[in-house]
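# A structural walkthrough
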Amino acid sequence: MKSFWNARRRALGGAVLALGLLAGCMSATPIDNSKDAAAGYDPNADVTITWWTGQSKDAETLAEKLAAEFHASHPHITVNTSAGASTTDELLTKLSAGFASGTYPDISYAYGSWAGQLAASGRTQNLTKWVTDPQIAWDEVPEAARTTATVDGKVIGVPALVDNLALIYNKTLFDAAHLAYPTDQWSWDDFRAAAKKLTDTSKNLYGTAYSVSGGEDTTWHLWPLLWQHGGKIVDGDKPAFNSDAGVAALETLRQIAVDDKSMYLDQTDEKYRQLFNANRIGMMISGPWELWDLAKAKVNYGVAYLPGFNGDHQTISGPDVWVMFDHADPNRAGATRTFLQWLTSKETDIRWNLPNGNLPLRSSESGSKEFQDYCAQYPGAQKFFDNLANAKQARPTIEGYPEVSGYVGQAVSSVLQGASKPKEALDKAAQQAAVTLRS
(Lines give C-alpha, C1' and ligand atoms only; values in the text may rest on other atoms or scores of the structure.)
Protein backbone atom coordinates (compact mmCIF):
# COMPACT_ATOMS: atom_id res chain seq x y z
CA MET A 1 0.00 0.00 0.00
CA LYS A 2 2.69 2.52 0.92
CA SER A 3 4.78 1.94 -2.20
CA PHE A 4 1.65 2.79 -4.17
CA TRP A 5 1.22 6.09 -2.34
CA ASN A 6 4.86 7.02 -2.73
CA ALA A 7 4.59 6.35 -6.45
CA ARG A 8 1.62 8.71 -6.70
CA ARG A 9 3.80 11.64 -5.72
CA ARG A 10 6.34 10.79 -8.41
CA ALA A 11 3.77 10.64 -11.21
CA LEU A 12 5.03 13.67 -13.10
CA GLY A 13 8.16 11.98 -14.44
CA GLY A 14 6.22 9.22 -16.15
CA ALA A 15 3.70 11.69 -17.53
CA VAL A 16 6.33 13.85 -19.21
CA LEU A 17 8.15 10.81 -20.56
CA ALA A 18 5.03 9.59 -22.32
CA LEU A 19 3.95 12.96 -23.69
CA GLY A 20 5.48 12.38 -27.11
CA LEU A 21 4.22 8.82 -27.27
CA LEU A 22 0.64 9.96 -26.73
CA ALA A 23 0.98 12.47 -29.52
CA GLY A 24 2.32 9.74 -31.76
CA CYS A 25 -0.63 7.45 -31.12
CA MET A 26 -2.92 10.00 -32.76
CA SER A 27 -1.79 8.70 -36.13
CA ALA A 28 -3.67 5.45 -35.47
CA THR A 29 -7.21 5.05 -36.86
CA PRO A 30 -9.38 7.45 -34.84
CA ILE A 31 -12.60 6.54 -33.05
CA ASP A 32 -15.63 8.81 -33.27
CA ASN A 33 -16.19 9.31 -29.55
CA SER A 34 -18.53 12.25 -30.06
CA LYS A 35 -21.30 9.64 -29.98
CA ASP A 36 -22.40 7.51 -27.05
CA ALA A 37 -20.06 4.51 -27.11
CA ALA A 38 -22.65 2.34 -25.32
CA ALA A 39 -25.55 3.09 -27.67
CA GLY A 40 -27.06 -0.27 -28.58
CA TYR A 41 -25.63 -2.06 -25.54
CA ASP A 42 -27.14 -5.51 -24.98
CA PRO A 43 -26.88 -6.18 -21.21
CA ASN A 44 -27.32 -9.91 -21.83
CA ALA A 45 -24.45 -10.25 -24.29
CA ASP A 46 -21.40 -12.20 -23.14
CA VAL A 47 -18.59 -9.66 -22.81
CA THR A 48 -15.01 -9.67 -21.55
CA ILE A 49 -13.46 -6.40 -20.48
CA THR A 50 -9.92 -5.57 -19.34
CA TRP A 51 -9.19 -3.60 -16.17
CA TRP A 52 -5.73 -2.18 -15.49
CA THR A 53 -5.76 -1.36 -11.78
CA GLY A 54 -2.36 0.32 -11.43
CA GLN A 55 -2.14 -1.11 -7.91
CA SER A 56 0.53 -2.74 -5.79
CA LYS A 57 0.29 -6.38 -4.74
CA ASP A 58 -2.17 -6.24 -1.85
CA ALA A 59 -4.54 -3.84 -3.60
CA GLU A 60 -4.35 -5.86 -6.81
CA THR A 61 -5.36 -8.98 -4.88
CA LEU A 62 -8.40 -7.12 -3.52
CA ALA A 63 -9.24 -5.88 -7.03
CA GLU A 64 -9.23 -9.44 -8.36
CA LYS A 65 -11.50 -10.53 -5.51
CA LEU A 66 -13.96 -7.75 -6.29
CA ALA A 67 -13.89 -8.53 -10.01
CA ALA A 68 -14.79 -12.15 -9.25
CA GLU A 69 -17.61 -11.01 -6.97
CA PHE A 70 -18.94 -8.75 -9.72
CA HIS A 71 -18.84 -11.59 -12.25
CA ALA A 72 -20.83 -13.80 -9.86
CA SER A 73 -23.68 -11.27 -9.87
CA HIS A 74 -23.20 -10.33 -13.57
CA PRO A 75 -22.35 -13.68 -15.20
CA HIS A 76 -22.40 -12.21 -18.72
CA ILE A 77 -19.50 -9.87 -17.90
CA THR A 78 -15.99 -11.18 -17.29
CA VAL A 79 -13.43 -8.71 -15.94
CA ASN A 80 -9.81 -9.55 -16.75
CA THR A 81 -7.82 -7.84 -14.02
CA SER A 82 -4.13 -6.95 -13.81
CA ALA A 83 -1.93 -4.15 -12.51
CA GLY A 84 -1.31 -3.20 -16.15
CA ALA A 85 2.33 -2.25 -15.58
CA SER A 86 5.09 -2.92 -13.05
CA THR A 87 4.49 0.50 -11.44
CA THR A 88 1.63 2.98 -11.61
CA ASP A 89 3.94 5.54 -13.21
CA GLU A 90 4.50 3.23 -16.18
CA LEU A 91 0.80 2.95 -17.02
CA LEU A 92 0.80 6.06 -19.20
CA THR A 93 3.63 4.75 -21.38
CA LYS A 94 1.88 1.37 -21.61
CA LEU A 95 -1.41 3.05 -22.54
CA SER A 96 0.17 5.17 -25.24
CA ALA A 97 1.75 2.09 -26.81
CA GLY A 98 -1.61 0.32 -26.59
CA PHE A 99 -3.37 3.18 -28.38
CA ALA A 100 -1.00 2.79 -31.32
CA SER A 101 -1.45 -0.99 -31.50
CA GLY A 102 -5.13 -1.21 -30.52
CA THR A 103 -4.37 -3.23 -27.38
CA TYR A 104 -5.43 -0.73 -24.73
CA PRO A 105 -7.77 -1.77 -21.88
CA ASP A 106 -11.39 -0.89 -21.25
CA ILE A 107 -10.58 0.69 -17.89
CA SER A 108 -7.33 2.01 -16.49
CA TYR A 109 -6.24 3.74 -13.36
CA ALA A 110 -4.82 7.18 -14.15
CA TYR A 111 -3.33 10.01 -12.15
CA GLY A 112 -5.52 13.07 -12.37
CA SER A 113 -2.66 15.02 -13.95
CA TRP A 114 -2.84 12.68 -16.97
CA ALA A 115 -6.49 13.44 -17.76
CA GLY A 116 -5.81 16.01 -20.48
CA GLN A 117 -3.31 13.78 -22.25
CA LEU A 118 -5.58 10.74 -22.18
CA ALA A 119 -8.52 12.74 -23.49
CA ALA A 120 -6.31 14.02 -26.32
CA SER A 121 -5.67 10.41 -27.38
CA GLY A 122 -9.18 10.22 -28.87
CA ARG A 123 -9.71 6.83 -27.20
CA THR A 124 -11.77 7.78 -24.13
CA GLN A 125 -15.50 7.23 -23.75
CA ASN A 126 -17.75 10.28 -23.54
CA LEU A 127 -19.60 9.81 -20.24
CA THR A 128 -21.09 13.28 -19.99
CA LYS A 129 -24.69 12.15 -20.41
CA TRP A 130 -24.22 8.89 -18.51
CA VAL A 131 -23.18 10.59 -15.25
CA THR A 132 -26.46 12.54 -15.18
CA ASP A 133 -28.29 9.29 -14.42
CA PRO A 134 -29.46 9.57 -10.76
CA GLN A 135 -28.22 6.01 -10.15
CA ILE A 136 -24.64 7.19 -10.73
CA ALA A 137 -25.05 9.69 -7.84
CA TRP A 138 -22.44 11.96 -9.44
CA ASP A 139 -23.12 14.77 -6.95
CA GLU A 140 -21.93 12.55 -4.09
CA VAL A 141 -18.37 12.72 -5.48
CA PRO A 142 -16.39 15.84 -4.42
CA GLU A 143 -16.45 18.63 -6.97
CA ALA A 144 -12.67 18.71 -7.41
CA ALA A 145 -12.72 15.02 -8.31
CA ARG A 146 -15.55 15.48 -10.81
CA THR A 147 -13.66 18.38 -12.37
CA THR A 148 -10.52 16.28 -12.72
CA ALA A 149 -12.49 13.60 -14.59
CA THR A 150 -13.82 16.22 -17.02
CA VAL A 151 -11.77 17.53 -19.96
CA ASP A 152 -13.13 20.28 -22.22
CA GLY A 153 -16.60 19.63 -20.85
CA LYS A 154 -16.44 15.89 -21.53
CA VAL A 155 -16.42 13.35 -18.68
CA ILE A 156 -13.87 10.62 -19.46
CA GLY A 157 -14.02 8.49 -16.33
CA VAL A 158 -15.10 8.08 -12.74
CA PRO A 159 -12.88 9.27 -9.86
CA ALA A 160 -10.99 6.40 -8.26
CA LEU A 161 -9.94 8.13 -5.05
CA VAL A 162 -9.98 11.54 -3.43
CA ASP A 163 -7.42 13.20 -1.20
CA ASN A 164 -6.26 16.66 -0.16
CA LEU A 165 -3.45 18.53 1.57
CA ALA A 166 -3.74 19.57 5.20
CA LEU A 167 -1.40 20.56 8.01
CA ILE A 168 -0.05 17.57 9.96
CA TYR A 169 1.74 18.59 13.14
CA ASN A 170 3.97 16.73 15.56
CA LYS A 171 2.54 17.11 19.06
CA THR A 172 5.75 15.87 20.69
CA LEU A 173 7.75 18.75 19.21
CA PHE A 174 5.02 21.33 19.91
CA ASP A 175 4.88 20.22 23.54
CA ALA A 176 8.67 20.40 23.87
CA ALA A 177 8.62 23.96 22.50
CA HIS A 178 5.65 24.91 24.74
CA LEU A 179 3.63 25.95 21.70
CA ALA A 180 -0.14 25.77 21.28
CA TYR A 181 -1.23 23.32 18.60
CA PRO A 182 -2.28 24.65 15.18
CA THR A 183 -5.97 25.41 14.64
CA ASP A 184 -8.19 25.42 11.58
CA GLN A 185 -8.11 29.23 11.70
CA TRP A 186 -4.33 29.62 11.47
CA SER A 187 -2.86 32.17 9.06
CA TRP A 188 0.40 31.66 7.19
CA ASP A 189 1.93 34.19 9.60
CA ASP A 190 0.97 31.84 12.45
CA PHE A 191 2.54 28.96 10.55
CA ARG A 192 5.76 30.90 9.91
CA ALA A 193 6.07 31.97 13.54
CA ALA A 194 5.59 28.42 14.81
CA ALA A 195 8.07 27.00 12.28
CA LYS A 196 10.69 29.46 13.48
CA LYS A 197 10.17 28.57 17.14
CA LEU A 198 10.28 24.83 16.41
CA THR A 199 13.58 25.05 14.54
CA ASP A 200 16.86 24.20 16.26
CA THR A 201 19.46 23.39 13.62
CA SER A 202 22.01 22.44 16.30
CA LYS A 203 19.73 19.48 17.05
CA ASN A 204 18.70 18.95 13.41
CA LEU A 205 15.15 20.04 14.21
CA TYR A 206 13.11 21.95 11.62
CA GLY A 207 9.77 23.66 11.89
CA THR A 208 8.54 22.45 8.52
CA ALA A 209 9.68 20.91 5.23
CA TYR A 210 9.22 21.18 1.50
CA SER A 211 10.15 19.01 -1.45
CA VAL A 212 12.53 20.73 -3.88
CA SER A 213 12.83 17.83 -6.34
CA GLY A 214 11.08 19.98 -8.93
CA GLY A 215 8.39 17.36 -9.54
CA GLU A 216 4.65 17.51 -8.97
CA ASP A 217 5.14 17.19 -5.21
CA THR A 218 6.99 20.52 -5.40
CA THR A 219 4.43 22.21 -7.62
CA TRP A 220 1.08 21.23 -6.19
CA HIS A 221 2.01 22.43 -2.71
CA LEU A 222 2.20 25.95 -4.15
CA TRP A 223 -1.25 25.96 -5.75
CA PRO A 224 -3.34 26.33 -2.55
CA LEU A 225 -1.39 29.48 -1.61
CA LEU A 226 -1.91 30.80 -5.14
CA TRP A 227 -5.66 30.19 -4.96
CA GLN A 228 -5.94 31.67 -1.47
CA HIS A 229 -4.48 34.88 -2.93
CA GLY A 230 -7.09 34.82 -5.72
CA GLY A 231 -4.71 33.65 -8.44
CA LYS A 232 -5.05 31.16 -11.29
CA ILE A 233 -2.74 28.52 -12.73
CA VAL A 234 -3.75 29.27 -16.31
CA ASP A 235 -6.11 31.75 -17.89
CA GLY A 236 -7.47 30.22 -21.07
CA ASP A 237 -4.43 29.10 -23.04
CA LYS A 238 -2.01 31.38 -21.20
CA PRO A 239 -0.04 30.83 -17.98
CA ALA A 240 -1.29 32.96 -15.07
CA PHE A 241 0.67 31.62 -12.11
CA ASN A 242 3.25 34.43 -12.33
CA SER A 243 0.66 37.03 -11.29
CA ASP A 244 0.99 39.13 -8.15
CA ALA A 245 -0.92 36.34 -6.38
CA GLY A 246 1.62 33.73 -7.46
CA VAL A 247 4.57 35.90 -6.46
CA ALA A 248 3.04 36.56 -3.03
CA ALA A 249 2.39 32.84 -2.53
CA LEU A 250 5.96 31.86 -3.37
CA GLU A 251 7.37 34.74 -1.32
CA THR A 252 5.65 33.32 1.76
CA LEU A 253 7.49 30.04 1.28
CA ARG A 254 10.76 31.81 0.45
CA GLN A 255 10.70 33.73 3.71
CA ILE A 256 10.35 30.52 5.71
CA ALA A 257 13.05 28.68 3.75
CA VAL A 258 15.63 31.40 3.07
CA ASP A 259 15.11 34.19 5.61
CA ASP A 260 14.15 32.07 8.62
CA LYS A 261 15.94 28.85 7.61
CA SER A 262 13.19 26.91 9.38
CA MET A 263 12.27 24.73 6.40
CA TYR A 264 13.96 21.41 5.67
CA LEU A 265 14.49 21.20 1.89
CA ASP A 266 14.06 17.65 0.64
CA GLN A 267 15.65 16.72 -2.69
CA THR A 268 13.93 13.31 -2.75
CA ASP A 269 10.18 13.82 -2.03
CA GLU A 270 10.49 11.08 0.60
CA LYS A 271 12.95 11.98 3.38
CA TYR A 272 10.89 14.70 5.03
CA ARG A 273 8.18 12.19 5.87
CA GLN A 274 10.72 9.94 7.56
CA LEU A 275 12.13 12.87 9.52
CA PHE A 276 8.65 13.91 10.65
CA ASN A 277 7.99 10.38 11.89
CA ALA A 278 11.34 10.49 13.72
CA ASN A 279 10.32 13.68 15.57
CA ARG A 280 12.72 15.88 13.62
CA ILE A 281 10.18 18.04 11.76
CA GLY A 282 7.35 19.86 13.48
CA MET A 283 4.87 20.38 10.63
CA MET A 284 4.36 19.01 7.16
CA ILE A 285 1.78 19.80 4.51
CA SER A 286 0.64 16.42 3.29
CA GLY A 287 -2.33 14.13 2.80
CA PRO A 288 -4.23 11.14 4.17
CA TRP A 289 -1.76 8.68 2.64
CA GLU A 290 0.50 9.53 5.59
CA LEU A 291 -1.88 8.13 8.20
CA TRP A 292 -0.84 4.49 7.85
CA ASP A 293 2.86 5.30 8.38
CA LEU A 294 2.08 7.71 11.22
CA ALA A 295 0.11 5.02 13.04
CA LYS A 296 2.79 2.41 12.40
CA ALA A 297 5.52 4.74 13.71
CA LYS A 298 3.35 5.64 16.73
CA VAL A 299 3.78 9.36 16.11
CA ASN A 300 1.83 11.69 18.40
CA TYR A 301 0.31 13.93 15.74
CA GLY A 302 -2.68 16.08 14.89
CA VAL A 303 -4.29 17.38 11.68
CA ALA A 304 -5.64 20.85 10.92
CA TYR A 305 -6.81 22.67 7.81
CA LEU A 306 -4.19 24.50 5.78
CA PRO A 307 -3.20 27.94 7.05
CA GLY A 308 -4.95 30.67 5.10
CA PHE A 309 -4.80 34.20 3.75
CA ASN A 310 -7.60 36.49 4.87
CA GLY A 311 -9.56 33.55 6.25
CA ASP A 312 -9.39 31.57 2.99
CA HIS A 313 -8.25 28.02 3.77
CA GLN A 314 -8.51 26.51 0.30
CA THR A 315 -6.64 23.29 -0.23
CA ILE A 316 -5.90 21.12 -3.24
CA SER A 317 -7.18 17.65 -4.01
CA GLY A 318 -5.22 15.19 -6.12
CA PRO A 319 -7.99 12.90 -7.36
CA ASP A 320 -7.13 9.93 -9.54
CA VAL A 321 -9.49 8.51 -12.13
CA TRP A 322 -10.78 5.24 -13.56
CA VAL A 323 -10.63 6.25 -17.23
CA MET A 324 -12.99 4.36 -19.55
CA PHE A 325 -11.90 3.72 -23.11
CA ASP A 326 -13.84 3.29 -26.33
CA HIS A 327 -13.25 0.26 -28.60
CA ALA A 328 -16.12 1.02 -30.99
CA ASP A 329 -18.00 -1.89 -29.41
CA PRO A 330 -21.22 -0.89 -27.59
CA ASN A 331 -21.30 -4.09 -25.55
CA ARG A 332 -17.78 -3.55 -24.21
CA ALA A 333 -18.57 0.10 -23.50
CA GLY A 334 -21.82 -0.72 -21.72
CA ALA A 335 -20.30 -3.55 -19.69
CA THR A 336 -17.48 -1.22 -18.64
CA ARG A 337 -19.98 1.32 -17.38
CA THR A 338 -21.96 -1.34 -15.52
CA PHE A 339 -18.81 -2.52 -13.76
CA LEU A 340 -17.59 0.99 -12.85
CA GLN A 341 -21.01 1.96 -11.52
CA TRP A 342 -20.85 -1.10 -9.25
CA LEU A 343 -17.21 -0.57 -8.22
CA THR A 344 -17.67 3.09 -7.29
CA SER A 345 -21.05 2.68 -5.59
CA LYS A 346 -21.07 3.50 -1.89
CA GLU A 347 -21.60 -0.18 -1.05
CA THR A 348 -18.52 -1.36 -2.95
CA ASP A 349 -16.27 1.68 -2.67
CA ILE A 350 -16.12 1.44 1.10
CA ARG A 351 -14.76 -2.09 0.68
CA TRP A 352 -12.21 -0.91 -1.89
CA ASN A 353 -10.83 2.46 -0.80
CA LEU A 354 -10.79 2.10 2.99
CA PRO A 355 -8.76 -1.16 3.02
CA ASN A 356 -6.31 0.54 0.65
CA GLY A 357 -5.81 3.43 3.09
CA ASN A 358 -7.84 5.95 1.10
CA LEU A 359 -10.68 8.27 2.02
CA PRO A 360 -14.21 7.28 0.98
CA LEU A 361 -15.08 8.41 -2.53
CA ARG A 362 -18.65 9.47 -1.75
CA SER A 363 -20.24 11.76 0.83
CA SER A 364 -22.88 9.09 1.51
CA GLU A 365 -20.18 6.86 3.04
CA SER A 366 -19.28 9.31 5.80
CA GLY A 367 -21.77 7.97 8.32
CA SER A 368 -21.00 4.31 7.76
CA LYS A 369 -19.66 2.10 10.53
CA GLU A 370 -16.72 1.20 8.32
CA PHE A 371 -15.61 4.82 8.03
CA GLN A 372 -16.14 5.50 11.72
CA ASP A 373 -13.96 2.49 12.53
CA TYR A 374 -11.37 3.80 10.07
CA CYS A 375 -11.35 7.21 11.77
CA ALA A 376 -10.86 5.55 15.16
CA GLN A 377 -7.90 3.59 13.81
CA TYR A 378 -6.36 6.56 11.98
CA PRO A 379 -6.77 9.87 13.86
CA GLY A 380 -7.07 12.77 11.46
CA ALA A 381 -9.01 10.82 8.82
CA GLN A 382 -12.22 12.70 9.63
CA LYS A 383 -10.37 16.02 9.36
CA PHE A 384 -9.07 15.08 5.90
CA PHE A 385 -12.56 14.03 4.84
CA ASP A 386 -14.06 17.30 6.10
CA ASN A 387 -11.25 19.21 4.35
CA LEU A 388 -12.58 18.08 0.97
CA ALA A 389 -15.04 20.97 1.33
CA ASN A 390 -12.04 23.32 1.11
CA ALA A 391 -10.94 21.81 -2.22
CA LYS A 392 -12.81 24.35 -4.34
CA GLN A 393 -10.59 24.28 -7.43
CA ALA A 394 -8.70 21.67 -9.40
CA ARG A 395 -5.51 21.51 -11.40
CA PRO A 396 -6.30 22.28 -15.04
CA THR A 397 -7.13 19.22 -17.13
CA ILE A 398 -5.10 20.41 -20.11
CA GLU A 399 -2.83 18.26 -22.22
CA GLY A 400 0.25 20.30 -21.39
CA TYR A 401 -0.20 20.39 -17.60
CA PRO A 402 2.67 17.99 -16.77
CA GLU A 403 5.16 20.14 -18.66
CA VAL A 404 3.77 23.36 -17.14
CA SER A 405 4.01 21.78 -13.70
CA GLY A 406 7.63 20.86 -14.36
CA TYR A 407 8.56 24.44 -15.16
CA VAL A 408 6.84 25.71 -12.01
CA GLY A 409 8.48 23.00 -9.91
CA GLN A 410 11.90 24.10 -11.11
CA ALA A 411 11.05 27.72 -10.28
CA VAL A 412 9.88 26.87 -6.75
CA SER A 413 12.95 24.71 -6.14
CA SER A 414 15.27 27.51 -7.27
CA VAL A 415 13.60 30.10 -5.05
CA LEU A 416 13.49 27.98 -1.90
CA GLN A 417 17.17 27.19 -2.28
CA GLY A 418 17.97 30.90 -2.53
CA ALA A 419 19.09 30.82 -6.17
CA SER A 420 16.44 33.22 -7.50
CA LYS A 421 13.60 35.54 -6.50
CA PRO A 422 9.92 34.61 -6.85
CA LYS A 423 9.07 37.11 -9.60
CA GLU A 424 11.98 36.28 -11.89
CA ALA A 425 11.62 32.53 -11.37
CA LEU A 426 7.88 32.48 -12.06
CA ASP A 427 8.24 34.77 -15.07
CA LYS A 428 10.80 32.39 -16.56
CA ALA A 429 8.51 29.42 -15.91
CA ALA A 430 5.60 31.30 -17.50
CA GLN A 431 7.65 32.00 -20.65
CA GLN A 432 8.46 28.29 -20.93
CA ALA A 433 4.88 27.27 -20.19
CA ALA A 434 3.52 29.67 -22.81
CA VAL A 435 5.35 27.73 -25.52
CA THR A 436 3.83 24.47 -24.31
CA LEU A 437 0.31 25.91 -24.12
CA ARG A 438 0.53 27.34 -27.64
CA SER A 439 1.67 24.07 -29.19
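Located above this text is the structure these notes cover.
Residues numbered from 1 in each chain as written. Predicted model: local features only at pLDDT ≥ 70, side-chain atom pairs only at ≥ 80, totals over all residues. Heavy atoms only, no water.

## Quick notes on the sheet that holds strand β3 (residues 107–111)
Spatially, β2-β1-β3-β14-β6 is the arrangement adopted by the five strands of the open sheet, whose pairing is mixed. The open sheet has two edge strands with one neighbour each: β2 (77–82) and β6 (157–161). Sheet twist, expressed as the average angle between the axes of neighbouring strands with direction ignored, equals 25 degrees. As defined by bridge partners, β6 adjoins strand β14 (residues 320–324) across four bridges and the pair is classed as antiparallel. The residue bridging Pro159 from the neighbouring strand is Val321, located in β14. Packing of helix α15 (residues 330–343) onto the sheet brings it into contact with β1 (47–52), β2, β3, β6 and β14, and relative to β1 it is tilted by some 55 degrees. (Pairing = 2+ DSSP bridges. Helix = DSSP H or I, 4+ residues; strand = E, 2+ residues; numbered from the N terminus. Axes fitted to C-alpha atoms, helices over the stretch in contact; angles between N-to-C directions. Contact = heavy atoms within 4.5 Å.)

## Quick word on the packing of aromatic side chains
The tally for this structure, following the rule as stated, stands at 24 aromatic pairs. Ring geometry for Phe99 and Tyr104: centres 5.3 Å apart, planes at 70 degrees, overall edge-to-face. According to the relative accessible area criterion, Tyr104 is buried, its value standing at 7%. Taking 6.2 Å as the distance between ring centres and 20 degrees as the angle between the ring planes, the aromatic pair formed by Phe371 and Tyr374 counts as stacked. Within this pair, Phe371 and its partner Tyr374 are both found in helix α17 (residues 369–377), separated by three residues, close to a single helical turn. Note on Phe371: relative accessible area 0%, which makes it buried. Linked through ring pairs, Trp51, Phe70, Tyr109, Tyr111, Trp114, Trp322, Phe339, Trp342 and Trp352 together constitute an aromatic cluster. (Phe/Tyr/Trp six-rings, centres within 6.5 Å; stacked < 30°, edge-to-face > 60°. Buried < 20%, exposed > 50% of the residue type's maximum accessible area, 1.4 Å probe, protein only.)

## Re unusual backbone geometry
With the exception of glycine, most residues fall at negative phi, and the peptide bonds are largely trans. Located in the positive-phi region is Ala137, a residue other than glycine, with phi close to 50 degrees. Mapped onto the elements of the fold, Ala137 is located in the loop between α6 (115–120) and α7 (143–148). In this structure, Lys298 is a non-glycine residue whose phi angle is positive, near 60 degrees. For Lys298, a relative accessible area of 75% gives the class exposed.

## A closer look at the pattern of salt bridges
The tally for this structure, following the rule as stated, stands at 14 salt bridges. For Arg332, the salt bridge is made with Asp106, and the minimal N-O distance between the two is 3.0 Å. Here Arg332 is found in helix α15, whereas its partner Asp106 is found in the loop between α5 (91–101) and β3, with 226 residues between them in sequence. The salt bridge partner of Asp260 is Arg192, with a shortest N-O separation of 2.6 Å. Note that Asp260 is positioned in the loop between α12 (244–259) and β11 (263–266) and Arg192 in helix α9 (residues 188–198), a separation of 68 residues in sequence. Overall, Asp260 belongs to the buried group, its relative accessible area being 14%. When salt bridges that share partners are traced, they join Arg192, Lys196 and Asp260 into one network. (Salt bridge = Lys/Arg side-chain N within 4 Å of Asp/Glu carboxyl O.)

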